[in-house]
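Residue-level listing of the chains:
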Amino acid sequence: MSPSRRRFLGVAALGITGSVGLTSLDSQEQTDSQSSSDWPMGRYDPPGTGYNPNVSGPKDNVAVAWTHQAPDWFRGSTQPIRRGKTLYVGGNGLLALDTETGKRRFGFQGPYHSSPAIAPASIYQTKTLGITGPTGTYGLNANGGQELPVTEVRVGGERWTGPQSPASGFFGPAESTTPVTANEKIYTAIPGTNSVVALDPNNGEVLWQRTHHKDEAASGTYNRPAVDDDIVFVTAWPQQATAYRADTGNQHWHRELEETMVLQPVATDEGVVIPTRESVQLRARSDGSLLWKRNLDGNATDSTPAVANGTIFVADERESLHALSLATGQTRWTAPFDGKTTPVVADDRVYAVDSLWALEAFDIATGEKHFEYQPSEVPLSPPIVGDGTLYLANRSQILALEEA
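Residues numbered from 1 in each chain as written. Predicted model: local features only at pLDDT ≥ 70, side-chain atom pairs only at ≥ 80, totals over all residues. Heavy atoms only, no water.

**A look at the overall build of the protein**
Phase 1: From N to C terminus, the protein includes one helix and 34 strands.
Phase 2: For 404 residues, the compact-globule estimate of 2.2 N^0.38 gives 22 Å, and the C-alpha radius of gyration of the protein, at 20 Å, lies within 12% of that figure.
Phase 3: With the C-alpha coordinates of the protein rotated into their principal frame, the extents come out at 60 × 55 × 40 Å.
Phase 4: Here the protein, with 404 residues, has 60% of them falling under the buried criterion. (Helix = DSSP H or I, 4+ residues; strand = E, 2+ residues; numbered from the N terminus. Rg over C-alpha atoms; globule rule 2.2 N^0.38 Å. Buried < 20%, exposed > 50% of the residue type's maximum accessible area, 1.4 Å probe, protein only.)

Put into structure tokens, the structure is as follows:
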């Protein structure tokens, strides 16, 4: 059966749902209950810290706990997420696996590529997964809908289609963007555009939409939003750093930075961490004014910092991973590290995938490297941490790594 036919059947289930009751396709199995090991969206939390203070991972070495060989249609290299005992992975579709065994709970093909984000949906019994792909934004059933008898086709998997992306341009399809859930809304950039939106998780309705450089084609998609204390902080190429009110979308402040390349922000109590190609800076939450700036002589184009316990962990994409004081920007340690990365932190370890091909673990206090794991297949996604285990996507596989 063709992918378009599969997706048609999934969307058609919305009509079926209307005739038999809104929640009938959700009733087969309730979404797993929330737990301390959850990783509910890309970068863990709405502020984007990449830090779960309630879990710990492998310390000194890793071994494969389980490997799941994905279907032929799967192409995953984005960070998984977790709720309860279910692991969700996007990549040309959605896979849901049991966290303890790697056994497949459900999966279906579709234009879904980003890390999902779990959002409440008041008209359904189960959660909605906000997700994006090169063609736009989507809302999926966190329980996967239902499988039709004597087939491998699922219905009710896709709940809604949100704002769509423009057709592929000179540089090909748009890149997926990472959605965030907070305040019972989904916040995301629309892939291939320079707009950020707030969406209703029930139906994908646009609650507000804001666009930078509205009349200029030469501008970039907003990075993953950082949402904290009812403010949405976003950055984009060129030079854009903006804060919007989370409820209305009204502009709180806007700054034009000196650096053209501006990467994903992280919201903290001390301020908004904004990495650029060459530096890292901290700006005031209230008005975007500069609190400090640290030049790393970097060449960063696709890295995201993690923030934990008053420390920023960020790669310069030349030769080092840096641990900087959140209060001052001063160096606490540096460790050899060649490429781009999106690190995560748990307990006393920083886990970072170097240039998409090797997972490395560093001591959070000293920068000492404790282990390195190289998979048989690349690219390797950023990991998530839960109950002593690391979970990663690996193109056609999903891996669970535990202490050796």
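**Section: the side chain of D316**
Phase 1: Topologically, D316 is positioned in the loop between β25 (311-315) and β26 (320-325).
Phase 2: No salt bridge is formed by the buried D316; its nearest oppositely charged neighbour, R318, is found at 6.4 Å.
Phase 3: At 3.0 Å, the side chain of D316 forms a polar contact with the backbone nitrogen of E319.
Phase 4: When residues no more than four places from it in sequence are discounted, the contact partners of D316 are L296, G298, N299, A300 and H322. (Lys, Arg positive; Asp, Glu negative; His and termini not counted. Salt bridge = Lys/Arg side-chain N within 4 Å of Asp/Glu carboxyl O. Polar contact = N/O pair within 3.5 Å; in protein donor to acceptor, adjacent residues only side chain to side chain. Contact = heavy atoms within 4.5 Å.)

**Some words on empty space enclosed by the protein**
Phase 1: Across all of its chains, the model carries two cavities of 30 Å³ or more by this definition.
Phase 2: If you go around the second largest cavity, you meet 14 residues; those closest to its centre are T276, S279, A300, V314 and A315.
Phase 3: Secondary structure elements with two or more residues in the lining of the second largest cavity: β22 (279-283) and β25.
Phase 4: Looking at the lining of the second largest cavity residue by residue, the classes come out as seven nonpolar, four polar and three charged. (1 Å grid on protein atoms, 1.4 Å probe; cavity = no way out; pocket = protein on both sides within 12 Å on 5 of 7 lines; lining within 4 Å. Points joined across faces, edges and corners; volume = space filled by probe spheres on them. Nonpolar A, V, L, I, M, F, W, Y, C, P; charged D, E, K, R; others polar.)

**Some points on the confidence of the model for the protein**
Phase 1: Mean pLDDT for the protein: 90, with 90% of residues reaching 70 or above.
Phase 2: Taken as a whole, residues 1-29 scores under 50 in pLDDT and shows 56 contacts with residues more than four places along the chain or in a different chain. (pLDDT = per-residue confidence, 0-100.)

**Some points on the sheet that holds strand β21 (residues 272-275)**
Strand-to-strand pairing in sheets goes through backbone hydrogen bonds, with the strands running parallel or antiparallel.
Phase 1: Taken together, four strands build an open sheet; the order of strands is β20-β21-β22-β23 and the sheet is antiparallel. Every other strand in the sheet has two partners, leaving β20 (266-267) and β23 (290-295) as the edge strands with one partner each. (Pairing = 2+ DSSP bridges.)

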